[in-house]
Amino acid sequence: MLSSEAEIETAEWTDGSDVTKKRKQDAVAGVHDHQNGVEAHFVAPATPAQLELNSDNQSSEQKDSGTEIAKCLGPCCNEETILYQTREEALLAQTVIIYGSGRNKRERSFQASCSKADGAFSIEGFSNWKKALEKFADHERCQAHKEACIKFNAIMKQKSVDEQLKLVAQKEQIERRQMFLTLLSSLRYLLRQGLAVRGHGDDSEGNLSQLLKARAEDSIALQKWIKTGSYQSPEVLNELTNTIGAEVLREVLNGIKSSRWFSIIGDETRDISNSEQLSISIRWVDKDYSIHEDFIGMFKVPKTDAETLSLAIEDVLVRCVLPISQCRGQAYDGASNMAGPKSGVAARILQRQPTAIPVHCLCHCINLCLQDVSRKCKCIRDALDLVYELVGLIKYSPKREHLFTQYQLQDSPNIHRLKPLCPTRWTCRTGSINAVIENYAVLQQTLEEIAETCRDEYGRKAAGFQALMGKFSTFFGLKLAHVVFGASEQLSTTLQSKDTTAQDARLAVNLCKAFYDRQRDASAFQIFYQAVLLEANGKTEPPTLPRYSNPPKRINDGDANFRFATAEHYHRREYFEIMESLSGELDARFDQKGFHLAALVEATILDNCSGKSYPIPKEVQDLYSKDLNIDRLQTQLSMLPDLVKSYVLEGKQITKEKAMASQSQGTQRESEDLQATMEDLPMSKSYEEGDDVMRR
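Residues numbered from 1 in each chain as written. Predicted model: local features only at pLDDT ≥ 70, side-chain atom pairs only at ≥ 80, totals over all residues. Heavy atoms only, no water.

J.: Explanation requested: the overall build of the protein chain in the structure shown.
T.: If you tally the helices and strands in the protein chain, you get 29 helices and seven strands. Taking all 696 residues of the protein chain together, the buried fraction comes to 46%. Put simply, 64% of the contacts in the protein chain that link residues at least 6 apart link residues at least 24 apart. About 38000 Å² of surface is accessible on the protein chain, with carbon and sulfur atoms providing 50% of the total. (Helix = DSSP H or I, 4+ residues; strand = E, 2+ residues; numbered from the N terminus. Buried < 20%, exposed > 50% of the residue type's maximum accessible area, 1.4 Å probe, protein only. Contact = heavy atoms within 4.5 Å. Areas by Shrake-Rupley, 256 points an atom, 1.4 Å probe, with all protein chains shown as cover.)

Structure, rendered in structure tokens:
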């Protein structure tokens, strides 16, 4: 078949007669029509080069007349093509498109269905070359040709069923992927805010379902997807939650692994299901000497003995790919299973890694000091019990709290409201004690009203509390507890910062201890006692001595024979006992080897910064001989005054060794590493971490 004008021009024609020239012109016109549609196909007259004679399908009349029927060898009529087949061996035979193969094989025709279609252009074949141009022009204007062109174009534009199904599946897949990402973002929001994902029994009323419905108001696709309930079962949501948690933990661990060393912070606590949980956090320092304390997780342990807890900590480090050889500190509470000198958790890890310095949380040390002192001093113990019971009696009843509020508004509307005692942090009890002292008269009026109107157990309790609040010893105990807890709260606030260094901690402890020592003076007691007498005037009875009872002789150690002359002497003894106990407890609790070592390293760095020739202590050399080059460290420490001088010339001032380390910018590598090990030591936070997590 001649498929283009170029082929027609270059083809060899039989002769140069007028008939031949006419046939050549007709062939060119046929090519043009062939490019416009199937029914316009024109095949040039038969020649040995361009046409294939189909003598088998010619009638006897056609053979006798010498007329040749040409067959189109193009893709539309070629029997060997897989797209188009001819029904009969004739020019422009019926053409079909075949879909699929085997049992799925389908055929679709684009032949015109018009009854007036000319058979020469559809079934029989065209052979009237004498009137070819006229016939071709008539055929282009006929309805059959137009219909065939429309069908052919529609078939060529329309995709197969398989392709259409594939496109629909891809579109649904993209939409479902977008909806799934919307679900993930909603779930991540709830997890970030610490909100429950599902509701009580009916998941359709849960936070996640309601959040998705709110977001679906602007998305029709999300509305349809929610109705399907895909990826919203409890099992799938739990799996997604675990996956998100693992990804967050992976990011946290990447930051920890970027540092050279780290420290362990651990604490065990009991959850609401009565299961023991071990909370583990990691403290580390980045390249800018910023301290990070990252919570790793809560891990259920069957027992709380030292062996079980130490194995659990080592297992967590292995799972997090944190070598224990890089551990330079550990902080726990003061329990025997944690801080035991021979078989505690700290001692067991210290055996595996000698440079993992154990440090008892400083905030927990203050907490233990206050607990021990409160147990020894009767007046403070009774005062705390009274505050706890009073707040419970008033706050846990709307009726009684309303009554208290009415009396408070009448007396002084600007007074603080009652606050419950913190069950774990003793240093946070100052606000509760102060609220009771400020509302002392209002509480007495409220208790009197409750005792008169209530005939149940709460009325009897109110009468008992009213009697206690009428005694001077109760008011004296509250004022003394306020002084003791107020100073310790300031110390706890200083130590709770994660940027607290050994130098800051030692200074804060010394200031608190100096305050308690200053109160151990006769003049300080007189000032305090007279202030309490003046404030208690009109609120309580005058101070009196407690009633004495003679103990049995078998337990009498001689102290029972001593009698105080006045009530002031009796309260003087209580006052000095608690101040002396606090001073001794602070000395005992803060006497830690790790705390002294950290302070020693800081003193070494700061003294060298000031120009003093301070050699590296032997304890530091023995501890960090494998981590640091001691000779190079000594040389770099001697160069610190020059570094400080350049730092001061820039208008800055070094108040901490952390500022010095950040200013060196890698020129004092050994001294920077020494400072990083000290920054890794957790001076606080280990005690609060577990309780805070469980409360949240």
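More follows now that the structure is in view.
J.: Is there a simple way to explain the side chain of His571 in this structure?
T.: Assignment of secondary structure puts His571 in helix α22 (residues 567–589). In contact with His571, not counting residues within four places along its chain, are Phe472, Ser473, Phe476, Phe525 and Tyr529.

J.: I would appreciate a short explanation of unusual backbone geometry in the present structure.
T.: Working note: non-glycine residues mostly have negative phi, and peptide bonds are mostly trans. Phi angles above zero are rare outside glycine, and Asn274 is one such case at about 65°. Residue placement: Asn274 occurs in the loop between β3 (262–270) and β4 (276–285). For Asn274, a relative accessible area of 55% puts it in the exposed group.

J.: What is the right way to read the packing of helix α14 (residues 378–395) against helix α17 (residues 440–453) from this model?
T.: Any two packed helices are characterised by the angle at which their axes cross and by the distance between the axes. Running from amino to carboxyl end, α14 crosses α17 at an angle of 60°, the nearest separation of the two axes being 12 Å. If you check the angle between α14 and α17, you find them oblique. In the packing of α14 onto α17, the handedness of the crossing is left-handed. The segment α14 lies against α17, with Leu390, Leu393 and Ile394 engaging Leu443, Thr446, Leu447 and Ile450. Residues of the contact of α14 with α17, tallied by class, amount to six nonpolar, one polar and no charged. (Axes fitted to C-alpha atoms, helices over the stretch in contact; angles between N-to-C directions. Parallel < 35°, antiparallel > 145°, perpendicular 65-115°, else oblique. Left-handed = near helix turned anticlockwise from the far one by under 90°. Nonpolar A, V, L, I, M, F, W, Y, C, P; charged D, E, K, R; others polar.)

J.: Please clarify how the packing of helix α10 (residues 306–319) against helix α12 (residues 345–352) should be interpreted in this entry.
T.: Viewed as axis vectors pointing N to C, α10 and α12 meet at an angle of 50°, and their least axial separation amounts to 9 Å. In terms of their interaxial angle, α10 and α12 are classed as oblique. Helix-helix and strand crossings are classified by hand; for α10 and α12 the assignment is right-handed. Contact residues: Ala306, Glu307, Leu309, Ser310, Ile313 and Glu314 in α10; Val345, Arg348, Ile349 and Arg352 in α12. Looking at the contact of α10 with α12 residue by residue, the class counts come to five nonpolar, one polar and four charged.

J.: Is there a simple way to think about the layout of surface pockets in this case?
T.: By rolling a water-sized probe across the atoms, one finds the places where empty space is left. Size it by volume and the largest pocket reaches roughly 980 Å³. Along its surface, the largest pocket is lined by 20 residues, and Leu191, Arg192, Gly245, Val248 and Phe295 are the ones closest to its centre. Looking at the lining of the largest pocket, the elements that each hand over two or more residues are α6 (161–193), α9 (234–258) and β5 (291–300). With eight residues, the top contributor of residues to the lining of the largest pocket is α9. (1 Å grid on protein atoms, 1.4 Å probe; cavity = no way out; pocket = protein on both sides within 12 Å on 5 of 7 lines; lining within 4 Å. Points joined across faces, edges and corners; volume = space filled by probe spheres on them.)

J.: Sorry if this is basic, but what is going on with helix α5 (residues 143–157) here?
T.: In an α-helix, one turn spans 3.6 residues, which is why side chains three or four residues apart end up on the same side. Across its 15 residues, α5 extends 21 Å between first and last C-alpha, which sits within 8% of the 21 Å expected from 1.5 Å per residue. Restricting attention to buried positions, one finds in α5 the residues Ala144, His145, Glu147, Ala148, Cys149, Phe152 and Ile155. (Expected span 1.5 Å × (residues − 1).)

J.: Hey, could you run me through the side chain of Glu276 in this one?
T.: The residue Glu276 is located in strand β4 in this model. A polar atom in the side chain of Glu276 sits 3.4 Å from the side chain of Arg270. In this view, Glu276 contacts Glu268, Thr269, Arg270, Phe299, Lys300, Val301 and Thr304; residues no more than four positions away in its chain are not counted. (Polar contact = N/O pair within 3.5 Å; in protein donor to acceptor, adjacent residues only side chain to side chain.)

J.: Sorry if this is basic, but what is going on with the packing of aromatic side chains here?
T.: Given two aromatic rings, their pairing is described by the distance between the two centres and the angle made by the two planes. One pass over the structure, following the stated rule, counts 14 aromatic pairs. For the pair Phe525 and Tyr529, a centre-to-centre distance of 5.5 Å together with 25° between the ring planes defines the contact as stacked. Of this pair, Phe525 and Tyr529 both sit in helix α21 (residues 522–536), separated by four residues, roughly a single helical turn. Residue Phe525 is classed as buried on the basis of its relative accessible area of 0%. For the pair Tyr575 and Phe576, a centre-to-centre distance of 5.5 Å together with 85° between the ring planes defines the contact as edge-to-face. Per residue, the accessibility class of Tyr575 equals that of Phe576, and both read buried. Every member of this aromatic cluster is reached through a ring pair, and the members are Phe472, Phe476, Phe525, Phe528, Tyr529, Tyr575 and Phe576. (Phe/Tyr/Trp six-rings, centres within 6.5 Å; stacked < 30°, edge-to-face > 60°.)

J.: Explain the pattern of salt bridges to me, please; I cannot follow it from the model alone.
T.: Here the idea is simple: oppositely charged side chains can pair when their charged atoms come close. Summed over all chains, the structure comprises 21 salt bridges. Here Arg572 ties to Glu568 by a salt bridge, and the two come within 3.9 Å at their closest N and O atoms. On the criterion of helical spacing, the pair formed by Arg572 and Glu568 is a turn pair, its members being four residues apart in helix α22. Assessed through its relative accessible area of 24%, Arg572 is described here as partly exposed. Judged by its relative accessible area of 21%, Glu568 is partly exposed. Linked through salt bridges whose partners overlap, the residues forming this network are Asp372, Arg375, Lys376, Glu585 and Arg589. (Salt bridge = Lys/Arg side-chain N within 4 Å of Asp/Glu carboxyl O.)

J.: Would you take a moment to explain the sheet that holds strand β6 (residues 327–332) for this structure?
T.: Across a sheet, strands are paired by hydrogen bonds formed along the backbone, either parallel or antiparallel in direction. Strand order in the open sheet formed by five strands is β5-β4-β3-β6-β7, with mixed pairing between adjacent strands. Lying at the two open borders of the sheet, with one neighbouring strand each, are β5 and β7 (357–360). Strand-to-strand twist in this sheet, taken as the mean axis angle between neighbours without regard to direction, amounts to 20°. Sheet topology places β6 next to β7; four bridges connect them, and they run parallel. Its bridge partner being in β7, Gln330 is matched across the sheet by Pro358. Seen against the sheet, α9 touches β3, β4 and β5 and runs at an angle of roughly 130° to β5. (Pairing = 2+ DSSP bridges.)

J.: Explain the confidence of the model for the protein chain here, please?
T.: Atom-level detail of predicted coordinates should not be read off regions where pLDDT is low. When the pLDDT values of the protein chain are averaged, the result is 75; 73% of them are 70 or greater. The model gives residues 26–94 a pLDDT under 50, and that stretch makes 148 contacts with residues more than four places away or in other chains. Across residues 649–655 the pLDDT falls below 50, and counting only partners more than four positions away or on other chains, this stretch makes seven contacts in the model. (pLDDT = per-residue confidence, 0-100.)

J.: For this particular structure, what's the right way to read the nonpolar core?
T.: Considering soluble globular proteins, one finds that nonpolar side chains tend to be buried as a cluster. Of all hydrophobic cores here, the largest spans 71 residues; its most connected members are Ile380 and Leu480. A per-element tally of this core places helix α19 (residues 472–495) first, with eleven residues. Apart from the residues lying within four places of it in its own chain, the contact partners of Leu480 are Cys379, Ile380, Phe528, Glu574, Tyr575, Ile578 and Met579. In terms of nonpolar packing, the next biggest core, distinct from the first, is built from 26 residues, Leu253, Trp284, Ile324 and Tyr332 among them. (Core = buried A, V, L, I, M, F, W, Y, C linked by side-chain atoms within 4.5 Å.)

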